[in-house]
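The lines below spell out each chain.
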Amino acid sequence: VANGIPFFAKGANWIPGDAILSRMTTDDYWRLLADAAAANMNMLRVWGGGIYEDDFFYETCDELGLCIWQDFMFACAAYPTFDKAFMKNVRIEAEENIRRLRHHPCIALWCGNNELEMGLVQDHWYEHPKHTAWGMSWKDYGLLFDTLLPEAVTACDPERDYWPCSPHTPAEFDRKQFNSPKAGDAHLWDVWHGRKPFEWYRTCEHRFNSEFGFQSFPEPKTVNAVVAEGDRNVTSAVMEHHQRSQIGNTTIMQYMCDWFQLPKDFDSTLWLSQILQGMAIKYAVEHWRRAMPRGMGTLYWQINDCWPVASWASIDYHGRWKALQHMARNFFAPLLVSGLENAEAGTVEVHVTSDRLDKTPYRVDWMLTTAEGKKIRAGRFAGVAAACASKRAATLDFAKDLATYGARDCIIWITLTAKDGSVSRNLVTFSRPKHLLLAEPGIRATVKDGADGAFSVRLSTKRTALWCWLELAQADLR
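Source: prediction; values computed, not measured. (Residues numbered from 1 in each chain as written. Predicted model: local features only at pLDDT ≥ 70, side-chain atom pairs only at ≥ 80, totals over all residues. Heavy atoms only, no water.)

How should the side chain of Gln 70 be read in this particular structure?
Note on placement: Gln 70 falls in strand β3 (residues 67-71). By relative accessible area, Gln 70 is classed as buried at 0%. Polar contacts involving the side chain of Gln 70 include one to the side chain of Tyr 58, which spans 2.7 Å. Beyond its immediate sequence surroundings of up to four residues, Gln 70 is in contact with Val 46, Tyr 52, Tyr 58, Leu 101, Ile 107, Leu 109, Trp 110 and Cys 111. (Helix = DSSP H or I, 4+ residues; strand = E, 2+ residues; numbered from the N terminus. Buried < 20%, exposed > 50% of the residue type's maximum accessible area, 1.4 Å probe, protein only. Polar contact = N/O pair within 3.5 Å; in protein donor to acceptor, adjacent residues only side chain to side chain. Contact = heavy atoms within 4.5 Å.)

Spelled out as structure tokens, the structure:
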């Protein structure tokens, strides 16, 4: 809630911006945070495995309107809460950082730690079978995260809320069920670590999704700067070194085979991994935005990188936007149109989601085409989007068309236009992209000089061309 108005939290998790912290400049902070705002984000979670950030970080978030979920710097480990000197030191650290940051309006929440309640806390101390560290007892855990830290917040910043852990389920809903769909926040990794299909996200009814993610490779420019030509293969030793998830490159390629035909070369593999990543997060975010107000937040893991690496980030180490960052501008847009297909019934539900504070009249145009782009039929309807709400606006029936053309030869294009000119676009298929009857698109580009050193680029295509990007060899292009 901000100024008495409930809002849907849209954003990502933030990690330190560089493996060598002294290299971070105010320009680096501004660029990354402005990129978050440009993608229609309104919240970032400062992860408990990182650092209490520089003052300029919080000043910039104040200016850009980015709320901060602020973890205390505890993550994925047991802590010696029985040690009085350690606890005294922690209290000083917490109080000094709260006092340093409490005047910033961007601070939305103080959170005790990252993921300790996600299996690292039990009824007694124990040796964790999957970690080299030990797990804590609930009693000793509570000394720090249920007593000391909330006392520090109450003493130093009493107007803000404290949350003991991310993820956390309040005790009245059974605290040990850390990802309960009934209450609290959730870290959902069934897609990626659990190898569930993207469609699994549509079964989730969690209230606030503070971590979930999917990996991709950086673009060729970033990879080529650190990987020699002879090592440019996703299974090479160097490529696997630039991958800090044990299942990483294998998992990317497994999902890629689920969704797409194999790419023609190494560069195309890098680009396609980004499209795959964007699709995964799009499935999740659109579902959770459709489900508001049951759920009121979705923060994917993660927005930034600290070195050139295959990762869950949507912006790579050099500040280059991955496909996910571009897609986030669309699926986090204040006014969103999305489609929910039912292949069995041959229908598409059209949903309109609005974060605006006023009612918004709109018009939706839809068109059914063959996979090559030939128009089959089209239609339109009008409506009014309620403030801060999501609603199924229409259900379109394509059963007869599917019987005639088949799922592999049908694409539904949806465009929402508001009176102020705002536009939201989406597409729906009944078949995964690898099975669509796509043909060589025949893209042509024309470039014209503009004023003040700018250029106008126009693309035209004879047939459907999904997920196009523009690239300059000698310069980065946004």
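Let us keep going from here.
In this structure, what is going on with the sheet that holds strand β15 (residues 375-385)? I would like to understand it.
What links the strands of a sheet is backbone hydrogen bonding, and the strands pair in either a parallel or an antiparallel sense. Taken together, the 4 strands give an open sheet; going across it, the order is β15-β14-β17-β18, and neighbouring strands pair in antiparallel fashion. Among the strands making up the open sheet, the edge pair consists of β15 and β18 (423-429). This sheet shows a mean twist of 15 degrees between the axes of neighbouring strands, independent of strand direction. In the sheet, strand β17 (residues 411-418) pairs with β18 via 7 bridges, with the strands oriented antiparallel. When the bridges of β18 are listed, Ile 412 appears paired with Val 428. (Pairing = 2+ DSSP bridges. Axes fitted to C-alpha atoms, helices over the stretch in contact; angles between N-to-C directions.)

Got a minute to help me understand the environment of Arg 458 in this structure?
Within the element layout of this structure, Arg 458 appears in strand β20 (residues 455-460). Overall, the relative accessible area of 61% leaves Arg 458 in the exposed class. Once the C-alpha coordinates of Arg 458 and Gly 319 are considered, the two residues, 139 residues apart in sequence, prove to be 25 Å apart. Not counting chain neighbours up to four residues away, the residues in contact with Arg 458 comprise Arg 444, Ala 445 and Thr 446.

What should I look at first to understand the packing of aromatic side chains in this one?
How two aromatic rings sit relative to each other is given by the distance of their centres and the angle of their planes. Tallied over the full model, the rule gives 32 aromatic pairs. Ring geometry for Phe 74 versus Phe 145: centroids 5.5 Å apart, planes at 85 degrees, classification edge-to-face. On the criterion of sequence distance, the pair formed by Phe 74 in the loop between β3 and α3 (84-101) and Phe 145 in helix α4 (residues 138-156) is long-range, its members being 71 residues apart. For the pair shown, Phe 74 and Phe 145 are each scored as buried. Each residue in the set Trp 189, Trp 192, Phe 198, Phe 214, Tyr 255, Trp 259, Tyr 283 and Trp 312 is aromatic and connected to the rest through ring pairs, giving one cluster. (Phe/Tyr/Trp six-rings, centres within 6.5 Å; stacked < 30°, edge-to-face > 60°.)

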